[in-house]
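Coordinate inspection notes
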Amino acid sequence: MSVVSYKQENFIGIVTIERPEALNALNSQVLDELGSTFASINLETTRVVLLTGSGTKSFVAGADIAEMSTLNSDEGTKFGYKGNEVFRKIETFPLPVIAVINGFALGGGCELAMSCDFRICSENAIFGQPEVGLGITPGFGGTQRLARLIGLGKAKELIYTANNIKANVALDIGLVNYVYPQENLMAEAMKLAGKIAKNAPFAVRACKKAINEGINVDIDRAIIIEQKLFGSCFATEDQKVGMKAFLDKVKGVEYKNK
């Protein structure tokens, strides 16, 4: 039985974790199917991906405690490797990936959301890294991405205390970009994705690559990364179409991803 579904609406792909009976908790099957689902997305016909969980209670409540509880040290390391491998694939996926958080995003769920380009959530969303209360550390990048997103001091506070935070606090500290009523969340996500999808796909992908690669090096090397990607845009038909439309004062350009 599949635990991850995929559907396409125009240029927008929607990946949904389908384990509502377990609040969409991450087990090995979910991780494997997430990896294979992202690997199968057509980069020519897709421009943005939304990642969400089924139901209205939970995005992902965490990694599956029942599976983790029996692991020894070597098995725990391998499980952490599996999760990190999948999350890095999402983080470095060529297309923008937006986490659409419809409830609990705890532990591995918060880590999964942080591997996306940015996050929007419903008013009932709850975030946290509760691992130290279970005798472990975050294992899927939580100690690294949370500090990069919200700052070292606040990240250490949340991880050391295992405190959960509500959607409004997540918005205040910059963990999420927007908060919406539950009933409006997916419609707003589609609207946001649509704004991205209407822009030149090669340029959007180049921007993601520039940001992701540049943030981890010094500014001098980062600028070189940017200027090379900037230059590569001038080899595309979309650049010529977009600039001609601007000069001719033509609106509503349809980019062809060429």
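Here we summarise the structure given alongside this text. Remember, predicted model here, so these are calculated numbers, not experimental data.

How each quantity is defined
- Numbering of residues begins from 1 in every chain and follows the order in which that chain's sequence is written.
- Per-residue local features of the predicted model are confined to residues with pLDDT of at least 70, and side-chain atom pairs are confined, for both listing and counting, to 80 or more; whole-chain, interface and lining totals are unaffected and use all residues.
- Side-chain numbers come from the whole structure's heavy atoms, not from hydrogens or water.
- In this description a helix means any DSSP run of H or I spanning at least four residues, a strand means any run of E spanning at least two, and both kinds are numbered starting from the N terminus.
- Think of it in three bands: residues with accessible area under 20% of the maximum for their type are buried, residues over 50% are exposed, and the middle band is partly exposed, with areas taken using a 1.4 Å probe on protein chains only.
- Note on contacts: a residue pair is in contact if any heavy atoms of the two residues lie within 4.5 Å.
- Residue burial considers only the protein chains on display, and all accessible areas are found by Shrake-Rupley using a 1.4 Å probe.
- None of His or the chain ends enter the tally, which takes Lys and Arg as positive and Asp and Glu as negative.
- Where a charge lies is defined by one atom per residue type, namely NZ (Lys), CZ (Arg), CG (Asp) and CD (Glu).
- Lines fitted to C-alpha atoms define the axes here, with helix axes fitted over just the stretch in contact, and angles between the N-to-C directions of these axes take values from 0 to 180 degrees.
- An angle below 35 degrees is treated as roughly parallel, one above 145 as roughly antiparallel, one from 65 to 115 as roughly perpendicular, and anything else as oblique.
- Polarity classes work like this: nonpolar for Ala, Val, Leu, Ile, Met, Phe, Trp, Tyr, Cys and Pro, charged for Asp, Glu, Lys and Arg, and polar for all others, with Gly in that last group.
- Nonpolar core, defined: a set of buried Ala, Val, Leu, Ile, Met, Phe, Trp, Tyr and Cys residues in which side-chain atoms within 4.5 Å join the residues together.

As a further point, take the overall build of the chain. Each helix and strand in the chain was counted, giving 11 helices and 10 strands. Judged by the C-alpha coordinates and their principal axes, the chain covers about 65 × 40 × 35 Å. Looking at the chain as a whole, 45% of its 258 residues qualify as buried. Within the chain, residue pairs in contact and separated by at least 24 positions form 70% of the contacts whose partners lie at least 6 positions apart. In the structure as shown, the chain presents an accessible area of about 13,500 Å², 58% of it carried by carbon and sulfur atoms. The chain carries 28 positive and 28 negative side-chain charges, and their two centres are separated by 6 Å.

Before going further, it helps to examine the packing of helix α9 (residues 201-214) against helix α10 (residues 219-233). With their axes 9 Å apart at the nearest point, α9 and α10 run at an angle of 170° to one another. Compared by their axis directions, α9 and α10 come out roughly antiparallel. Mapping the contact onto sequence places Phe202, Ala203, Ala206, Lys209, Ala210, Glu213 and Gly214 in α9 and Ala222, Ile225, Glu226, Leu229, Ser232 and Cys233 in α10. Its residues assigned to classes, the contact of α9 with α10 comprises eight nonpolar, two polar and three charged.

On to the nonpolar core. Soluble globular proteins: nonpolar side chains tend toward being buried together. Leu34, Leu112 and Phe127 are the most contacted members of the largest nonpolar core, which totals 44 residues. Setting aside residues no more than four positions away along its own chain, Leu112 makes contact with Ile17, Leu26, Leu34, Leu51, Phe59, Val60, Phe87 and Ile90. Formed by 17 residues, the second largest nonpolar core is a distinct cluster that contains Ile12, Met190, Ala193 and Val204.

By themselves, these observations are geometric and do not establish any function.
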